[in-house]
Amino acid sequence: MHVIDYDMPYEQFLAAFEGIHAEWVDGVVYQLPRQSQLHQTTQNTLCQIITRYLDQNPIGQCITAPTLLRVNDRSPARCPDLQVILNNNTCLKHQRAISGSADIVIEILSEFNHTWERGDKFVEYEQGGVGEYWIIDPIRQDCLFYTFEDHYFRRQDTDSNDVYCSKRLQNFKLPIPLLWSSPSMDTIQNLMKAM
């Protein structure tokens, strides 16, 4: 990640960097690194699973990068890999950005971004009241799940079968090993039938 501009107002950033994988932090624009094949595969798998779930249960939408998330007027504009916005969420949806708290934010780690996702973004999403924060690490094949409760993120564990059950998505069950296997559409369909 490298700096591509300084002292840029947020509205100017939105106009100048549309469609570019970048984040805005207090006027500084950071170009995000190109995603690895492993990162893209994991993101595609998650997106397919969540999108199929939301097709089956039309309660919201799954939004992919480079759509930005700015949890409040004082916070940076981040570029989560995936966001879930439920239909009853009162956040403002613009063409390029979400203003307010997403129901679920998913960040997929790469070799370049461990500190941001576990540090700065964690604090920003928590302070902004994001409903769930998922940190997915395909390199180490590990996941961290947090749910916003009583003003803080609380760690949520998987069950004994290594399945994560979302608190925001009713009956949504994510078998963690599936994330590392590039599942077929038939496998995803069978998963949906079980939800």
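Before any of the text, the structure's been laid out above.
From a predicted model like this one, the values you see are computed outputs, not experimental measurements. (Residues numbered from 1 in each chain as written. Predicted model: local features only at pLDDT ≥ 70, side-chain atom pairs only at ≥ 80, totals over all residues. Heavy atoms only, no water.)

Q: Any chance you could explain the packing of aromatic side chains here in plain terms?
A: When we look at a pair of aromatic rings, we describe it by the centre distance and by the angle of the planes. Evaluation of the coordinates by the stated rule reveals 15 aromatic pairs. Through pairs of rings, three or more aromatic residues link up here, namely Phe122, Tyr125, Tyr133, Tyr146, Phe148 and Phe153. The ring centre of Tyr10 lies 4.2 Å from the NZ or CZ of Arg70, which sits over that ring. The ring of Phe13 is capped by Arg96, whose NZ or CZ atom sits 5.2 Å from the centre of that ring. (Phe/Tyr/Trp six-rings, centres within 6.5 Å; stacked < 30°, edge-to-face > 60°. Lys NZ or Arg CZ within 6 Å of the ring centre and 35° of its normal.)

Q: Help me understand the sheet that holds strand S5 (residues 68-70), please; the structure alone is not making it clear to me.
A: Either a parallel or an antiparallel arrangement is found when strands of a sheet pair, and the pairing is made through backbone hydrogen bonds. Taken together, three strands build an open sheet; the order of strands is S5-S8-S7 and the sheet is mixed. Since the sheet does not close on itself, it has two edges, and those belong to S5 and strand S7 (92-93), each with one partner. With three bridges connecting them, S5 and strand S8 (residues 97-99) associate as parallel partners. Along S8, the bridge assignment pairs Arg70 with Ser99. (Pairing = 2+ DSSP bridges. Helix = DSSP H or I, 4+ residues; strand = E, 2+ residues; numbered from the N terminus.)

Q: Mind showing me how you'd approach the side chain of Arg78 here?
A: Looking at the secondary structure, you find Arg78 in the loop between S5 and strand S6 (82-86). Within the local environment of Arg78, its side chain forms a polar contact with the side chain of Glu124, the two groups lying 2.7 Å apart. (Polar contact = N/O pair within 3.5 Å; in protein donor to acceptor, adjacent residues only side chain to side chain.)

Q: Help me out: how do you make sense of unusual backbone geometry in this one?
A: Negative phi values dominate among residues other than glycine, just as trans dominates among peptide bonds. In this model, Ala65 is joined to Pro66 through a cis peptide bond whose omega is 15°. With respect to the secondary-structure elements, Pro66 resides in the loop between strand S4 (60-64) and S5. A positive phi is found at Asp26, a non-glycine position, where the angle reads about 50°. When its relative accessible area of 61% is taken as the criterion, Asp26 is described as exposed. (Buried < 20%, exposed > 50% of the residue type's maximum accessible area, 1.4 Å probe, protein only.)

Q: Looking at this model, I keep getting lost on the state of the cysteines. Mind explaining?
A: As used in these notes, a disulfide is a covalent bond between sulfur atoms, one from each of two cysteines. Overall, the coordinates contain zero disulfides when judged by the stated rule. Between Cys47, a cysteine without a disulfide, and Cys62, which holds the nearest cysteine sulfur, the sulfur-to-sulfur distance is 4.2 Å. The thiol sulfur of Cys143 is not disulfide-bonded, and the nearest other cysteine sulfur, from Cys165, lies at 13 Å. (Disulfide = S-S within 2.5 Å.)

Q: It is not clear to me how the packing of helix H2 (residues 37-56) against helix H4 (residues 185-193) should be interpreted in this structure. Could you clarify?
A: Two packed helices can be described by the angle between their axes and the distance between those axes. It is at 10 Å that the axes of H2 and H4 come closest, and there the two elements cross at 45°. The angle between H2 and H4 falls in the class oblique. Crossing handedness for the pair H2 and H4: right-handed. Along the contact surface, H2 presents Gln48, Ile49, Arg52, Tyr53 and Gln56, while H4 presents Met185, Ile188, Gln189, Leu191 and Met192. When grouped by side-chain class, the residues that make up the contact of H2 with H4 number six nonpolar, three polar and one charged. (Axes fitted to C-alpha atoms, helices over the stretch in contact; angles between N-to-C directions. Parallel < 35°, antiparallel > 145°, perpendicular 65-115°, else oblique. Left-handed = near helix turned anticlockwise from the far one by under 90°. Contact = heavy atoms within 4.5 Å. Nonpolar A, V, L, I, M, F, W, Y, C, P; charged D, E, K, R; others polar.)

Scope: geometric values only; no functional claims are made or implied.
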